[in-house]
Structures are given as C-alpha cells and as structure tokens.
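Analysis of the macromolecular model
The residues making up each chain are set out below.
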Amino acid sequence: MLRVIILTILLLFSYNKNVNSQEKIVFIDLNYIFINSVAGKDLNTRVDDLSVELDNKIRLFKEEITLEKNKLMSQKNVLSPEEYNKKIKKLEQDINEKNLSISKKKKELSVLKSKGEKEFFNQLNAIIENYSVSNSIGIILKKDDLLMAKKDLDITINIFNLFNEKIKKININ
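To keep things clear, this report deals only with the structure shown in the data block. Note that the coordinates shown come from a computational prediction; the quantities given were computed from them, not determined experimentally.

**Things to note about a nonpolar patch on the surface**
- Together, Ile25, Ile139 and Leu141 line one region of the surface with nonpolar side chains, adding up to about 220 Å² of accessible area.
- Take leucine 141: it is sitting in strand 2 (residues 139-142).
- A residue is classified by how much of its surface remains accessible, and leucine 141, at 34% relative accessible area, is partly exposed.

**Thoughts on helix 5 (residues 156-166)**
- Of all the positions in helix 5, only Thr156, Ile159, Phe160, Phe163 and Asn164 are classed as buried. Projected onto a plane normal to the axis of helix 5, the buried residues spread over an arc of 135° and lie on a single side. Facing away from the buried side of helix 5, by more than 90 degrees, are the exposed residues Glu165 and Lys166.
- Those residues of helix 5 that are buried are in contact with strand 1 (25-28), helix 2 (30-36), helix 3 (38-74) and helix 4 (81-134).

**With respect to the packing of helix 3 against helix 4**
- Between helix 3 and helix 4, the shortest axis-to-axis distance is 11 Å and the interhelical angle comes to 175°. Here helix 3 lies roughly antiparallel to helix 4, going by the angle between them.
- Residue composition of the contact of helix 3 with helix 4, grouped by class: 18 nonpolar, 4 polar and 10 charged.

**Observations concerning unusual backbone geometry**
- Phi at serine 136 is positive, roughly 50°, even though this residue is not glycine.
- Among the residues examined, serine 136 registers a relative accessible area of 57% and is labelled exposed.

**Things to note about the environment of leucine 109**
- Tracing the chain through its elements places leucine 109 in helix 4.
- Here leucine 109 falls in the buried class, since its relative accessible area comes to 16%.
- Separated by 62 residues in the primary sequence, leucine 109 and valine 47 have C-alpha atoms spaced 7.4 Å apart.
- With residues near it in sequence (within four places) discarded, leucine 109 still touches Val47, Leu50, Ser51 and Leu54.

**Points about the side chain of serine 37**
- If you trace the backbone, serine 37 turns up in the loop between helix 2 and helix 3.
- Residue serine 37 is classed as buried on the basis of its relative accessible area, which comes to 0%.
- In this structure the side chain of serine 37 is engaged in a polar contact, spanning 3.0 Å, whose partner is the backbone nitrogen of glycine 40.

Rules used in this analysis
Residues numbered from 1 in each chain as written. Predicted model: local features only at pLDDT ≥ 70, side-chain atom pairs only at ≥ 80, totals over all residues. Heavy atoms only, no water. Patch = residues over 30% accessible without salt bridge, like charges linked within 9 Å, V, L, I, M, F, W, Y side chains within 5 Å. Areas by Shrake-Rupley, 256 points an atom, 1.4 Å probe, with all protein chains shown as cover. Salt bridge = Lys/Arg side-chain N within 4 Å of Asp/Glu carboxyl O. Helix = DSSP H or I, 4+ residues; strand = E, 2+ residues; numbered from the N terminus. Buried < 20%, exposed > 50% of the residue type's maximum accessible area, 1.4 Å probe, protein only. Arc of directions from axis to C-beta. Contact = heavy atoms within 4.5 Å. Axes fitted to C-alpha atoms, helices over the stretch in contact; angles between N-to-C directions. Parallel < 35°, antiparallel > 145°, perpendicular 65-115°, else oblique. Nonpolar A, V, L, I, M, F, W, Y, C, P; charged D, E, K, R; others polar. Polar contact = N/O pair within 3.5 Å; in protein donor to acceptor, adjacent residues only side chain to side chain.

Structure (structure tokens):
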C-alpha cells in the first residue's frame, strides 16, 4: 500500500513539472481609450455640450424667477391681497413645472450618457475580442485591476489604433 502511495505521489510531481501554461495574458487601459479615442472624445464633447446647455437653461430660469419675485414683491402694496396671492400661486406653479422639466432633462441626459458609454464599450469589446482571437490571447485584464505587470503586456495602444481606424463616432438615440 505504501508503494502505491509513493508511486502516485511521484507520478503527480513528475506530471506537474511537464505542464506549462500556454495562455497568453495581457492587459488594457479602457479609460485611456475612452478618453483619447476619436469616438470617445466626440461622445464626451456631445454630452458636455448638452450638460452646458442644460446648465444655461437652469441659470436663465433662476434669473427669470428672481426677476418675477422682485417684481411681485414691489407690487405687494399696490395689489389687493387676493390678486397678490393669485400671482404668488401662479409663480409657484411655474417654478414647479420648470423644476419638473429640468429634472426630466437631467434624467434624459444621464440616460443618454449611459447609452453612449454602453454602445462605446460594446463596440470596443468587439474589437478587443477580434484582436484576442487573431493574436491567440487567452486572458485580457483591465489595467485598473492590476498591481504590477510588464509594460510589454500592455495592448492599449494596439487596441486604441484599431478602434480609431474602425470607429469614428458613436451613434446614440
């Protein structure tokens, strides 16, 4: 029985020495591609433009409300209490409607940004998948998840160049 156990152990050790990993492991910096690619810059610019436009609308709305309040306050002594209260209620109603509209636009912007990022990374993943198949890569890791790795395992620039060649703009509805 002891012979069988020793023989089994020897066979296992000799077998493990001959097994070598044939998987090629590389890493990629997805944020670099998202920020610096033509399509990524275009997407970020479009989202930023919409955000600035919304911020401008909010600023104008605040200015209009402030002017309306000041105008109403100046008329307080001239108007009858009923008329004054009526105008106050109208102003509050306008404020509520505008706030709802602004909230809706912010939500739409957030959804648009999410859709754009999702579409960007879907197209990037397709390019990465084709690259990994054509270069016999077994595992691709995100650079953010690494502590340390050799620089020659970084495929970011290769994928960046492929992505810029194939994808110029991300279409979002």
